[in-house]
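A structural walkthrough
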Amino acid sequence: MTGKTTPLDRGYAGLPIPFGWFAVAMSDEIKPGEVKSLHYFGTEFVVWRGENGQVSAVDPFCPHLGAHLGVNSEVIGNDLRCPFHHWSFNGDGAVTDIPYTKLIPPKLKRSCLSTWPVEEVDGVIFTWYHPRREAPKWEVARLPECPDGDWILAETHDWIINIHCQEITENGQDHAHFGAVHGVPFAPAGEFRIEGWVRRNTVVAEMKTPKGLMTGKIDVTATGPGQSITEYTDVTHVVQSQQVTPIDSETTHLRWQMYHVPGLSEGRMRVTQARMRDLVKQVHQDIPIWNRKRFVEKPLLVQGDGPMLAYREQYARFYDSGSDS
Amino acid sequence: MSEVKLTVIDRGGETHRLSAETGEVLMHVLRDNVDLEIGICGGEISCGTCLVQLNSDNAERIAAASEDEAEMLDALGAGGDSRLACQIVLDDAADGLQATILYED
């Protein structure tokens, strides 16, 4: 008998972090002139919003003498000024000012600080993560078109969950858990279609309404590993925009924004709010299991379990193979 | 390795007669024998403190400036036989070189 204890292995060591566009902040979390250090993808980076409203993201250490660009740094105009010697950088990672020198070398004025691609879409700030810094391979997905005016943002939520981000989206393919965890029947209809980096599913499902279960349509558009936009069309018309963002290979930041169509009657608004409450209630049922489960590389699946292995095979395209493509 | 004889005029106008060896970088020779303030960036073509004026004879024979060096010389407003000493590796063509340190604080 050895006196040694081994750390609990939840199986995430074999799962790398996928590449993709990932939400790193809500737009209103970074106001003009604000700078923040963010921790995602097993690393750190610094974001700021310039006077011009543009968000930029850079590696955290100043290339001059290594100060952390998120500590006591300041946004000056559209640039970020390092606290250590007041070097200023623009969003392209180029030096724009060094107050004490006679000459900024031309190459520093081109770029000397690594940047992260940033897109701001529908109130969410996204950055592109790729382990070898390859350029973005697709664009951030936008909300579907609202049938009548503009979507109304009703609720936002976010959770930090001790799980790899692949498992959260894989959960949608886990047909058998709907009955046990959520108490709703799951009747998959229609098939998923893969078009490049986008996966689409349309299901017909029994949705809870005050008048009992009613048949409704659920359209899911998953773009890359980081985004999933679900449109519920039945007695309500709700769009749930979800982002999963890896903090590291065993921690995920889950964000939701929920929208509904404008001009709802009181009655339909009540049903809409009940639907949103129900969706939040469902994820609260999933989370305790997610927080403690292990990733099983070879699960013991039986008939009725759903196409999880097929989903995993397709998800693998989001993992960097290490060669240029 | 063979000897390379150098004559260096510093910022104060003083003349230094130095002896270096082939393979040495001119900037290091200047920094270690004439002025510690030369070569702040360590030879990365970023500081301009190793800017020197060379005599034409030797200047013609040593290896020409790279694109990066040329760009920096241009930014410094340096012309003609000016070079960045950190980019000059001394060889036989440098024997008898006269270098005037141009950099001023």
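Everything numeric here is computed off the predicted structure, so don't read it as measured data.

1. Side note on the domain arrangement of chain A
Residue and element names in this part refer to chain A. What the domain assignment lists for chain A is domain 1 (20–129) and domain 2 (152–318). Taken over C-alpha atoms, the centre of domain 1 sits 34 Å from the centre of domain 2. If you look at the interface, domain 1 gives 15 residues, while domain 2 gives 14 residues. Among the residues domain 1 hides against domain 2, the three largest losses belong to Phe 22, Met 26 and Tyr 40. Together they make up 43% of the total. In this assembly, domain 1 and domain 2 are joined by zero salt bridges. In this structure, the connection of domain 1 to domain 2 is made through eight residue pairs in polar contact (both at pLDDT 80 or more). Where the side of domain 1 that touches domain 2 is concerned, the elements lending two or more residues are strand S1 (20–26), strand S2 (35–40) and strand S10 (124–129).

2. What to know about the interface of chain A and chain B
The accessible area lost on association of the parts is a frequent measure of interface size. Listed as interface residues are six residues of chain A and, on the opposing side, ten residues of chain B. Taken over both partners, the interface formed by chain A and chain B buries close to 640 Å², and the fraction arising from carbon and sulfur atoms is 56%. A per-residue breakdown of the area chain A buries against chain B is headed by Leu 103, Pro 106 and Lys 107 of chain A, which together make up 59% of the total. Linking chain A to chain B there are one salt bridge. Residue Glu 71 of chain B pairs with Arg 110 of chain A through a salt bridge whose shortest N-O separation is 2.6 Å. The interface formed by chain A and chain B includes three residue pairs in polar contact (both at pLDDT 80 or more). For the side of chain A that touches chain B, the per-class residue count stands at three nonpolar, no polar and three charged.

3. A look at the sheet that holds strand S4 (residues 55–58) of chain A
Residue and element names in this part refer to chain A. On the basis of which strands lie adjacent, the open sheet formed by three strands has the order S2-S3-S4 and antiparallel pairing. Each edge of the open sheet carries a strand with a single partner, namely S2 and S4. In this sheet, neighbouring strand axes are inclined to one another by 30 degrees on average, regardless of whether the strands run parallel or antiparallel. Where S2 and strand S3 (residues 43–49) come together, six bridges link them in antiparallel fashion.

4. Considering the pattern of salt bridges
Residues and elements named next belong to chain A. Evaluated as defined, the whole model comprises 18 salt bridges over all chains. As a salt-bridge pair, Arg 294 and Asp 9 come within 3.9 Å of each other at their nearest N and O atoms. Within this pair, whereas Arg 294 is found in the loop between helix H4 (266–292) and helix H5 (308–315), its partner Asp 9 is found in the segment before S1, the two being separated by 285 residues in sequence. With relative accessibility at 46%, the residue Asp 9 sits in the partly exposed group. Note that Lys 293 is salt-bridged to Glu 167, the shortest N-O span being 2.8 Å.

5. Some details on unusual backbone geometry
Even without glycine at this site, His 86 of chain A takes up a positive phi of about 60 degrees. With respect to the helices, strands and loops of the structure, His 86 of chain A is situated in the loop between strand S6 (79–81) and strand S7 (88–89). Of note, the phi angle at Ile 45 of chain B is positive, near 60 degrees, even though the residue is not glycine. Mapped onto the secondary structure, Ile 45 of chain B falls in the loop between helix H1 (26–33) and strand S3 (51–54).

What counts as what
- Per chain, the residues get numbers from 1 upward, laid out in the order the sequence is written.
- Whichever chain is written first becomes A and whichever ligand is written first becomes 1, with later ones labelled in order.
- Given that the model is predicted, a residue must reach a pLDDT of at least 70 before its local features are reported, and side-chain atom pairs must reach 80 or more before they are shown or counted; all residues, however, enter totals for whole chains, interfaces and linings.
- The side-chain numbers reported here are obtained from all heavy atoms of the structure, hydrogens and water having been left aside.
- By convention here, the domain bounds are inherited from an automatic or database domain assignment.
- Here, two residues are considered to be in contact whenever any of their heavy atoms come within 4.5 Å of each other.
- Summed over both partners, the accessible area lost on bringing two parts together, with a 1.4 Å probe, is the buried area.
- Any Lys or Arg side-chain nitrogen located within 4 Å of an Asp or Glu carboxyl oxygen qualifies as a salt bridge.
- Within 3.5 Å is the distance limit for a polar contact, defined as a pair of N or O atoms, with the added protein rule that one can donate a hydrogen and the other accept it, and that residues adjacent in sequence qualify only through two side-chain atoms.
- Under the scheme used here, helices are H or I runs from DSSP no shorter than 4 residues and strands are E runs no shorter than 2 residues, and both carry numbers assigned from the N terminus.
- Under the scheme applied, nonpolar residues are Ala, Val, Leu, Ile, Met, Phe, Trp, Tyr, Cys and Pro; charged residues are Asp, Glu, Lys and Arg; polar residues are all the others, including Gly.
- Pairing between two strands requires that DSSP report at least two bridges joining them.
- Only the stretch in contact is used when fitting a helix axis, every axis being a line fitted to C-alpha atoms; angles between N-to-C directions are given from 0 to 180 degrees.
- Type-normalised accessible area, obtained with a 1.4 Å probe on protein chains alone, sets the label of each residue: buried when under 20%, exposed when over 50%, and partly exposed for intermediate values.

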